[in-house]
Amino acid sequence: MWFLSRASGSSGSSSRYLEVNVAGLLDKERPSTQATLRAWLSSEPFTLVMSSGFFSFFAHCGMLSVLEEEGLAPRAVAGSSAGALTGGLWSAGLSTAALSEFYFSMTRESFWDPAPGPGLLRGKLFRELLRQVSPVERIEHCRCPLTVSAFDLVRFRIRTLSHGPFAEAIYASCAVPFLFRPIRIGGAYLVDGGVSDRPGLAGVQVGERIFYHHIVSRSPWRRRSSPALRVPERANMMSLLIHGLPRPGPGAMHMGRDAWDSAQRATREALDRCVTGSLVEVDSGETTRRPDVRIREPAA
């Protein structure tokens, strides 16, 4: 809004008019009403959902460690593959400090048990690791509701697990085809939930308030144009994407700590940024060490 303001000349005998942008002046004085990501998370209970992404459980743990230290614990957890591993062990009662210590101590030899069969690895060592580290034996004994996704090879569809043996369920969700052998649960042969439910959202009821951590990196077996790599659109869901994370794997376990550090640093930065849409994108800052946050509306 503009109006003309009369001002006296130096001699008092003449006058001049100044254009004043009142709205602009008021905007500079008016405090921002946009909520930060931290405020969004703390305003109401939410379900934390973490996607699959090969060995991205390090990054999920780094992100979750920030929520934990900020007192922003989720009321429920869901996930697929790497997201199921971190979400499951946290829900079982491990703190992110204990969980990260467990992850950093892992080596390839910790779970590497090759043998002839329908997968390079038998998976026995991995399941034994899960039993040793988990405080619970069954999913329903977790401190908060937990749902993980796995893929049923017989019925060729996704299956969600929210009760039953803990180690077997987490293993099923993490059993990357051809790397780990399928596991039989309830008459079904199950493998990695990321086969059909990369986000890990299949077991979350419509209408639930969701904070979703989406792993951006592409697994070697996925096409660049794969729909699974897109951020899903869902009502009442806030998504966090962290670009440029290091990518650990069976032959690069040492990169796990870097992925954890980068995700933790970027999440801290993201919490203080204003949210105007439903998608927060963060650069991990691996090169500059200063994350850059971009917030945009999800694509139509």
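Residue positions are given per chain, counting from 1 as you read along its sequence in written order. Local features are withheld for residues below a pLDDT of 70 in this predicted model, meaning they are given only at 70 or higher, and side-chain atom pairs are given and counted only at 80 or more; totals for whole chains, interfaces and linings count all residues. Excluding hydrogens and water, the side-chain values take into account all heavy atoms of the structure.

## Things to note about the overall build of the protein
- Along its length, the protein carries nine helices and 14 strands.
- Only protein chains enter the accessibility calculation, which uses a 1.4 Å probe; a residue is then buried when its area is under 20% of its type maximum, exposed when over 50%, and partly exposed in between. Looking at the 300 residues of the protein, the share that counts as buried comes to 50%.
- Contacts: residue pairs with any heavy atoms within 4.5 Å of one another. Contacts in the protein between residues at least 24 apart in sequence constitute 66% of all its contacts with a sequence separation of at least 6.
- Method for areas: the Shrake-Rupley scheme with a 1.4 Å probe, in which residue coverage is limited to the protein chains shown. Within the structure as shown, the protein displays about 14,700 Å² of accessible surface, and the carbon and sulfur contribution to it stands at 52%. Each helix is a run of H or I in the DSSP string that is no shorter than four residues. Each strand is a run of E no shorter than two, and both are numbered from the N terminus.

## Details of the packing of helix H3 (residues 57-69) against helix H9 (residues 256-271)
- Angular values range over 0 to 180 degrees, each being the angle between N-to-C directions of two axes fitted as lines to C-alpha atoms, with helices fitted over their stretch in contact. In the contact formed by H3 and H9, the axes pass within 7 Å of each other and the chain directions differ by 40°. Here H3 lies oblique to H9, going by the angle between them. Seen from above, H3 lies across H9 with right-handed handedness. Facing Phe58, Ala59, Cys61, Gly62, Met63, Ser65, Val66 and Glu69 of H3, the residues of H9 in contact are Gly256, Arg257, Ala259, Trp260, Ala263, Gln264, Thr267, Arg268 and Leu271.
- Put simply, Ala, Val, Leu, Ile, Met, Phe, Trp, Tyr, Cys and Pro go in the nonpolar bin, Asp, Glu, Lys and Arg in the charged bin, and everything else, Gly too, in the polar bin. Tallied by class, the residues present in the contact of H3 with H9 amount to nine nonpolar, five polar and three charged. Angles are sorted into four bins: roughly parallel if under 35 degrees, roughly antiparallel if over 145, roughly perpendicular if 65 to 115, and oblique for all others. In a left-handed crossing the near helix is turned counterclockwise from the far helix by less than a right angle, and in a right-handed crossing that turn is clockwise.

## Notes on the side chain of Ser81
- Within the fold, Ser81 resides in the loop between strand S4 (76-80) and helix H4 (82-91).
- As used in this structure description, the phrase polar contact means that two N or O atoms lie within 3.5 Å; if the pair is within protein, one of them must be able to donate a hydrogen and the other to accept it, and residues adjacent in sequence are counted only when both atoms belong to side chains. Within the structure, the side chain of Ser81 is placed 2.8 Å from the side chain of Asp192, a separation counted as a polar contact.
- Ignoring sequence-local partners within four residues, the contact set of Ser81 consists of Ser52, Ser173, Cys174 and Asp192.

## Overview of empty space enclosed by the protein
- Put simply, the grid is 1 Å and covers the protein atoms alone, a cavity is a trapped set of points that fit a 1.4 Å probe, a pocket is an open set with protein on both sides within 12 Å along at least five of seven lines, and lining residues have an atom within 4 Å of a point. Grid points are joined across faces, edges and corners, and a volume is the space filled by probe spheres set on the points. Counted under the stated rule, the structure contains one cavity of 30 Å³ or more.
- For the largest cavity, the calculated volume is near 140 Å³.
- Phe55, Phe57, Phe126, Cys174 and Phe180 are the residues nearest the centre of the largest cavity, which is lined by 13 residues in total.
- At the level of secondary structure, the elements contributing two or more residues to the lining of the largest cavity comprise H4 and strand S8 (178-180).
- Across the lining of the largest cavity, the residue classes break down as 12 nonpolar, one polar and no charged.

## Here we look at helix H5 (residues 96-105)
- Among the residues of H5, Thr96, Leu99, Ser100, Phe102 and Tyr103 are the ones counted as buried. What you see down the axis of H5 is that its buried residues fit within an arc of 160°, all on one side. Opposite the packed face of H5, turned more than 90 degrees from it, sit the exposed residues Ala97, Glu101 and Ser105.
- The secondary structure elements touched by the buried residues of H5 are H3, H4, helix H7 (124-133) and H9. The directions from the helix axis to the C-beta atoms form the arc being described.

## Comments concerning the environment of Asp272
- In this structure, Asp272 sits in the loop between H9 and strand S13 (279-283).
- Measuring from C-alpha to C-alpha, the distance between Asp272 and Ala39 comes to 8.7 Å, with 233 residues separating the pair along the chain.
- Here Asp272 is in contact with Thr36 and Arg38, once residues within four sequence places are set aside.

## Let's talk about the packing of aromatic side chains
- A pair of Phe, Tyr and Trp rings is counted when the ring centres sit within 6.5 Å of each other, with Trp represented by its six-membered ring. The angle between the planes then sorts it: under 30 degrees is stacked, over 60 is edge-to-face, the rest tilted. For the coordinates displayed, the defined rule picks out 15 aromatic pairs.
- Look at Phe55 and Phe111: their rings are 5.9 Å apart centre to centre, the planes differ by 50°, and that puts the pair in the tilted class. One end of the pair, Phe55, is in the loop between strand S3 (47-50) and H3; the other, Phe111, is in helix H6 (residues 108-111), and 56 residues separate them in sequence. No difference in accessibility class separates Phe55 from Phe111, as the two residues are buried.
- The rings of Phe54, Phe55, Phe57, Phe58, Phe102, Tyr103, Phe104, Phe111, Trp112 and Trp260 are connected pair by pair, giving a single aromatic cluster.
- When the NZ atom of lysine or the CZ atom of arginine is within 6 Å of a ring's centre and also within 35 degrees of its normal, the charge is said to sit over that ring. The positively charged end of Arg143 is found above the aromatic ring belonging to Trp90, 4.1 Å away from the centroid.

## A look at the packing of H4 against helix H8 (residues 166-174)
- At their nearest, the axes of H4 and H8 sit 8 Å apart, and the two run at 160° to each other. Accordingly, the angle class assigned to the pair H4 and H8 is roughly antiparallel. Taken as a pair, H4 and H8 cross one another with a handedness that is right-handed. Where H4 abuts H8, its residues Ala84, Leu85, Gly88 and Leu89 lie against Phe166, Ile170, Ser173 and Cys174.

## Some details on the nonpolar core
- Note on terminology: a nonpolar core comprises buried Ala, Val, Leu, Ile, Met, Phe, Trp, Tyr and Cys residues joined through side-chain atoms within 4.5 Å. Leu41, Leu85, Leu89, Tyr103, Phe166 and Phe211 are the most contacted members of the largest nonpolar core, which has 73 residues in total.
- When residues in this core are grouped by element, the largest group, eight residues, is from H3.
- If we ignore the near neighbours within four places in the chain, the residues touching Leu85 are Phe57, Tyr103, Phe126, Leu130, Ile170 and Cys174.
- In terms of nonpolar packing, the next biggest core, distinct from the first, is built from seven residues, Ala78, Val204, Ile210 and Met237 among them.

## Let's talk about the pattern of salt bridges
- Between Lys or Arg on one side and Asp or Glu on the other, a salt bridge is scored when a side-chain nitrogen of the former is within 4 Å of a carboxyl oxygen of the latter. In the structure shown here, the tally under the stated rule is nine salt bridges.
- Among the salt bridges present, the one from Arg75 reaches Glu208, with a minimum N-O distance of 3.0 Å. Of the two residues, Arg75 sits in the loop between H3 and S4 while Glu208 sits in the loop between strand S10 (188-192) and strand S11 (210-214), which places them 133 residues apart along the sequence.
- With a closest N to O distance of 2.6 Å, Glu269 and Arg273 form a salt bridge.
- Connected through salt bridges with shared partners, the residues Arg38, Glu70 and Asp272 form a single ionic network.

Distances and angles like these do not, on their own, reveal function.
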